[in-house]
Amino acid sequence: MDTEPFREDEGIEAQPPEARSEPQSRPVGIFLIGFLGVCVPSLALTALGIIHFGSRSVRQPVEFNHRKHVTELGISCDTCHSSYQTQTFSGLPKAEDCAACHAEAQGSSDKERALVEKLKRGGTLEWKRLFAQPPHVFYSHRRHVVAGKIACATCHGGIADTTSPPRQVRKLAMQDCIGCHLKSKVSVACTTCHR
Ligand code: HEC
Ligand code: HEC
Ligand code: HEC
Ligand code: HEC
Ligand code: HEC
């Protein structure tokens, strides 16, 4: 797991959701043709709670401990996920962000020692995505966090209190988005989220 080179083309920075949200690049016509076939039955089924949306198994390059960094050390989310201030995405930390503190060991755990050695060798950290929407969905962190003032935990639950990365994380399902939009009196027109 330590020998994989960083592949720029797989990183969140290299393909921000922003790039996918260009109106010209969206197959809206094809999407709407698929609507009658796929959507009506699927909406009906999700309303009954029959479809459970995809959860896949994930293993991260380092067993990162959110609780230790956020709760015990008081490090803010922004230290590692700050892009939401200006972008549709929040971003995941690069090795340099960890090296800001872990260029030298801060403690005596084996886990940290392994990380420090990896960083000294110039190793990179290629995080696997846990939350990800399909490409036909437009979602913006800036809009929700900065304009809408919605707390991270509203959508990401207790991740900040986990001691190791969740193995399985469910994406936000359409009814999660629509449920809150209805409560908040935000548009639920199909083209609000599917562009
Ligand atoms: C602002 C400073 C800071 C940053 C940035 C930071 N850490 Fe830490 N980290 C610490 C401190 C302090 C400890 C506590 C060391 C101890 O007491 O064992 C720690 C502990 C750890 C440990 C060992 C303890 C455990 O429970 O897992 C690992 C592994 C770790 N950090 C990984 C990371 C990774 C990966 C990143 C980058 C995503 C990162 N850290 C970013 C300060 C930081
Ligand atoms: C010191 C760095 C650091 C801090 C501080 C931090 N995170 Fe993270 N976060 C990470 C790393 C590394 C990952 C990828 C590994 C994992 O899944 O745990 C991650 C993953 C996540 C993910 C899943 C991303 C995905 O792939 O979909 C969410 C959501 C998240 N963090 C939210 C938060 C929130 C909310 C806070 C503040 C309460 C926070 N993080 C603070 C480093 C950090
Ligand atoms: C209204 C719901 C919502 C809120 C609030 C929210 N997120 Fe997210 N987050 C999402 C969704 C949906 C995705 C998947 C986006 C995609 O795939 O395009 C995501 C993805 C992420 C990721 C994975 C990488 C990325 O940037 O796409 C991180 C990290 C993350 N969120 C951190 C945060 C942090 C930190 C906050 C608070 C500052 C926050 N989120 C607030 C819904 C939310
Ligand atoms: C917890 C509540 C909540 C959740 C969950 C939520 N939203 Fe929103 N959304 C809002 C609010 C509030 C706004 C308006 C923010 C503002 O501009 O003040 C908004 C605005 C938007 C907008 C811009 C609307 C417009 O008229 O331009 C889009 C697009 C959007 N949300 C998509 C999504 C998607 C996709 C999801 C699910 C992945 C989602 N939202 C989940 C509350 C939510
Ligand atoms: C507030 C945001 C939002 C609105 C409004 C919205 N959707 Fe969605 N939709 C999503 C998200 C997020 C997904 C992906 C997650 C999922 O499959 O639940 C999705 C998925 C879908 C899918 C794929 C379902 C599948 O099983 O793969 C179809 C089809 C769809 N939406 C059609 C529609 C139609 C038609 C409308 C208008 C009646 C609509 N959506 C309105 C957010 C939205």
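About the criteria used
- Residues numbered from 1 in each chain as written.
- Chains lettered and ligands numbered in written order.
- Predicted model: local features only at pLDDT ≥ 70, side-chain atom pairs only at ≥ 80, totals over all residues.
- Heavy atoms only, no water.
- Near = heavy atom within 4 Å.
- Polar contact = N/O pair within 3.5 Å; in protein donor to acceptor, adjacent residues only side chain to side chain.
- Helix = DSSP H or I, 4+ residues; strand = E, 2+ residues; numbered from the N terminus.
- Donors = N, O, S within 2.8 Å, 3.2 Å for Na, K, Ca; no water.
- Tetrahedral: all angles 85-135°; square planar, octahedral: opposite > 155°, others 65-115°.
- Buried < 20%, exposed > 50% of the residue type's maximum accessible area, 1.4 Å probe, protein only.
- Phe/Tyr/Trp six-rings, centres within 6.5 Å; stacked < 30°, edge-to-face > 60°.
- Lys NZ or Arg CZ within 6 Å of the ring centre and 35° of its normal.
- Patch = residues over 30% accessible without salt bridge, like charges linked within 9 Å, V, L, I, M, F, W, Y side chains within 5 Å.
- Areas by Shrake-Rupley, 256 points an atom, 1.4 Å probe, with all protein chains shown as cover.
- Salt bridge = Lys/Arg side-chain N within 4 Å of Asp/Glu carboxyl O.

Visitor: Is there a simple way to explain the site of ligand 2 in this structure?
Guide: Near ligand 2, the surroundings consist of 21 residues, among which His66, Cys77, Cys80, His81 and Leu130 are the closest. Take Gln60: an N or O atom from its side chain is 3.2 Å from an oxygen atom of ligand 2. One of the side-chain nitrogen or oxygen atoms of His66 is found 2.9 Å away from a nitrogen atom of ligand 2. Looking at the shell around ligand 2, the elements that each hand over two or more residues are helix 3 (66-72) and helix 7 (152-156).

Visitor: I keep staring at the coordination of the iron atom of ligand 3 and nothing clicks. Help me out?
Guide: Where a metal carries four tetrahedral donors, each ideal angle is 109.5 degrees; where it carries six octahedral donors, the ideal angles are 90 or 180 degrees. Taken together, His141 (NE2) and His156 (NE2) make up the full set of protein donors to the iron atom of ligand 3, lying 1.9 to 2.0 Å away. One way to put it: the 6 donor atoms around the iron atom of ligand 3 meet at angles of 89 to 180°, and that makes the site octahedral. Residue His141 is found in helix 6 (residues 141-147), and its partner His156 is found in helix 7; the two are separated by 15 residues along the sequence. On the basis of relative accessible area, His141 is assigned to the buried category, the value being 16%.

Visitor: Any chance you could explain the coordination of the iron atom of ligand 4 here in plain terms?
Guide: Bound to the iron atom of ligand 4 are the protein donor atoms His144 (NE2) and His181 (NE2), situated 2.0 Å from the metal. One can describe the donor arrangement at the iron atom of ligand 4 as octahedral, given that its 6 donor atoms subtend angles of 87 to 179° at the metal. Of this pair, His144 sits in helix 6 while His181 sits in helix 8 (residues 174-184), and the two are 37 residues apart along the sequence. Overall, His144 belongs to the partly exposed group, its relative accessible area being 23%.

Visitor: What am I meant to see in the packing of aromatic side chains here?
Guide: Each aromatic ring pair is summarised here by two numbers: the centre-to-centre distance and the angle between the ring planes. This structure, assessed with the given rule, holds 0 aromatic pairs. In this structure, Arg195 packs its charged tip against the face of Phe138, placed 4.0 Å from the ring centre.

Visitor: Explain a nonpolar patch on the surface to me, please; I cannot follow it from the model alone.
Guide: On the surface, Met174, Ile178, Leu182 and Val188 cluster together to form a nonpolar patch covering roughly 320 Å² of accessible area. Topologically, Ile178 is positioned in helix 8.

Visitor: Honestly, the pattern of salt bridges in this entry has me stumped. Any pointers?
Guide: For side chains of opposite charge, pairing can occur when their charged atoms come near one another. Throughout the structure, instances matching the rule amount to 4 salt bridges. Glu63 serves as the salt-bridge partner of Arg167, at 3.4 Å between the closest nitrogen and oxygen. Here the residue Arg167 occupies a position in the loop between helix 7 and helix 8, and Glu63 occupies one in the loop between helix 2 (28-47) and helix 3, the gap between them amounting to 104 residues. On the accessibility criterion, Arg167 (31% relative accessible area) is partly exposed. Relative accessible area serves as the criterion here: at 26%, Glu63 is assigned to the partly exposed category.

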